[in-house]
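Observations on the model geometry
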Amino acid sequence: VGIAAAAQLQARGLTPLVLEQGAGAGHAMREWGHVRVFTPWRYVTDDAVVRLLEKTGWTHPDGEHLPTGREIVEEYLLPAAATPELRDRITYGATVVAVSKAGLGKSSSAGRDAAPFTVHYRTAEGTHHVVEAGAVIDASGTWTRPNPIGADGLPVPGEADHADRIAYGIPDAFGTDRALYEGKRTLVLGGGHSAINAALDILHLKDSHPDTKLYWGLRRNTLEKLLGGGLNDQLPARGALGLAAKQAIDEGGLELLAPMRVRAIRDAGNALQVEMTVDGQDQIVAVDRIVVAAGFRPDLDM
């Protein structure tokens with residue numbers, strides 16, 4: 001979104017400045033680079049960005065191909081960030097800490113609408129910079145702020161204490177994270193397609209390690225609604241994912257816990273003891289790892 005916004009502004013004769021917290025374009029996307037998206041290439045690219053790339057001899061990937069996050073970064077974002085029009089307009093390692101109006105505090109109203117914005121940011125070296133801007137677009141996304149386990153939007157007791165055994169999002173179960181889940185007991189929490197993705201990836205590890213155990217916890221018993229799209233889903237890959245999850249449940253490959261609420265997580269030596277209620281009944285499940293796929297929230301601190 002940041003690259004697209006910059007290209008659209010540049011096409012209109014405006015001067016964009018992109019402040020990127022990471023060391024390169026697509027920094028957050030690289031962290032889920034192993035995940036294949038549901039969206040084909042033709043919906044991923046922005047027309048203004050494509051026009052800049054085509055000047056360099058770039059060729060658009062197959063429009064119907066479903067790219068991974070890594071492919072989007074390497075085949076689209078990095079080349080776009082290197083175009084002559086954008087490469088000098090991006091500052092990397094820049095963390096925005098505040099946005100305000102020039103010369104005006106929170107209690108001042110006179111002239112506020114006409115005043116430029118002041119954007120305060122720190123570079124990787126810790127230097128504090130201030131830049132004025134006519135407008136500010138927040139394209140920072142939500143990746144750095146995963147939702148916690150608690151149904152009230154807060155971490156449950158023990159969640160922070162055992163962060164080293166809890167993953168948020170979709171782990172790379174076939175790659176760098178394989179040893180963490182192969183032959184282990186895992187609880188996946190979440191009622192969306194990211195949770196299905198994580199559960200199926202871990203479930204496939206049973207082929208090589210039959211003692212791999214998987215629990216899937218849903219806050220609401222809405223499984224049929226979640227999986228019901230099937231072949232009628234307008235995004236075919238998402239529909240196929242639902243059908244695969246339904247088959248795994250029908251075959252007993254995973255244990256479904258729904259509706260459930262996690263109350264606390266405690267250390268049980270070589271395992272995590274997860275205290276929960278399942279369909280109104282108290283239950284304790286011992287696992288080695290927890291995967292939380294409960295979505296993300298924006299960072300509003302600035």
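Above this text sits the structure in question.
Residues numbered from 1 in each chain as written. Predicted model: local features only at pLDDT ≥ 70, side-chain atom pairs only at ≥ 80, totals over all residues. Heavy atoms only, no water.

Remarks on the pattern of salt bridges
The test is simple: The term salt bridge refers to a side-chain nitrogen of Lys or Arg lying within 4 Å of a carboxyl oxygen of Asp or Glu. Numbering goes from the N terminus for both helices and strands, where a helix is a DSSP run of H or I of at least four residues and a strand is a run of E of at least two. Only protein chains enter the calculation, and the probe is 1.4 Å; a residue is then buried if its accessible area is under 20% of its type maximum, exposed if over 50%, and partly exposed in between.
In the structure shown here, the tally under the stated rule is 12 salt bridges. Arg165 is paired through a salt bridge with Asp267; the nearest N and O atoms lie 3.6 Å apart. Linking Arg165 in the loop between strand S5 (128–133) and strand S6 (166–168) with Asp267 in strand S10 (residues 260–267), this pair joins segments that are 102 residues apart in sequence. Assessed through its relative accessible area of 17%, Arg165 is described here as buried. Overlapping salt bridges, with partners in common, bring together Arg145, Asp299 and Asp301 in one network.

Considering the sheet that holds strand S3 (residues 95–101)
Backbone-to-backbone hydrogen bonds join strands into a sheet, with any given pair of strands oriented parallel or antiparallel. Rules: Note: two strands are recorded as paired if DSSP finds a minimum of 2 bridges between them. To obtain each axis, a line is fitted to C-alpha atoms, and for helices this fit is confined to the stretch in contact; angles are then taken between N-to-C directions over 0 to 180 degrees.
Strand order in the open sheet formed by three strands is S3-S4-S5, with antiparallel pairing between adjacent strands. Strand pairing shows two members of the sheet lacking a second neighbour, S3 and S5, which therefore form its edges. Direction aside, the axes of adjacent strands within the sheet are offset by 25° on average. Sheet topology note: the strand S4 (residues 117–122)/S5 ladder contains six bridges and is antiparallel. Bridging across to S5, Thr118 finds its partner in Glu132.

What to know about the packing of aromatic side chains
How we decide: Between 30 and 60 degrees the pair is tilted, below 30 it is stacked and above 60 it is edge-to-face, where a pair is any two Phe, Tyr or Trp rings, Trp via its six-membered ring, whose centres lie within 6.5 Å. Counted as over-ring charges are cases with an Arg CZ or a Lys NZ within 6 Å of the ring centre that also lie within 35 degrees of the ring normal.
If you walk through the whole model with that rule in mind, you get three aromatic pairs. Note on Trp41 and Tyr76: the rings are 6.3 Å apart at their centroids and 75° apart in plane angle, and the pair reads as edge-to-face. On the criterion of sequence distance, the pair formed by Trp41 in helix H3 (residues 41–44) and Tyr76 in helix H5 (residues 69–81) is long-range, its members being 35 residues apart. Summarising the burial analysis for this pair, Trp41 and Tyr76 share the class buried. The ring centre of Phe117 lies 4.7 Å from the NZ or CZ of Lys101, which sits over that ring. Taking the ring centre of Tyr215 as reference, the NZ or CZ of Lys213 above it sits at 5.1 Å.

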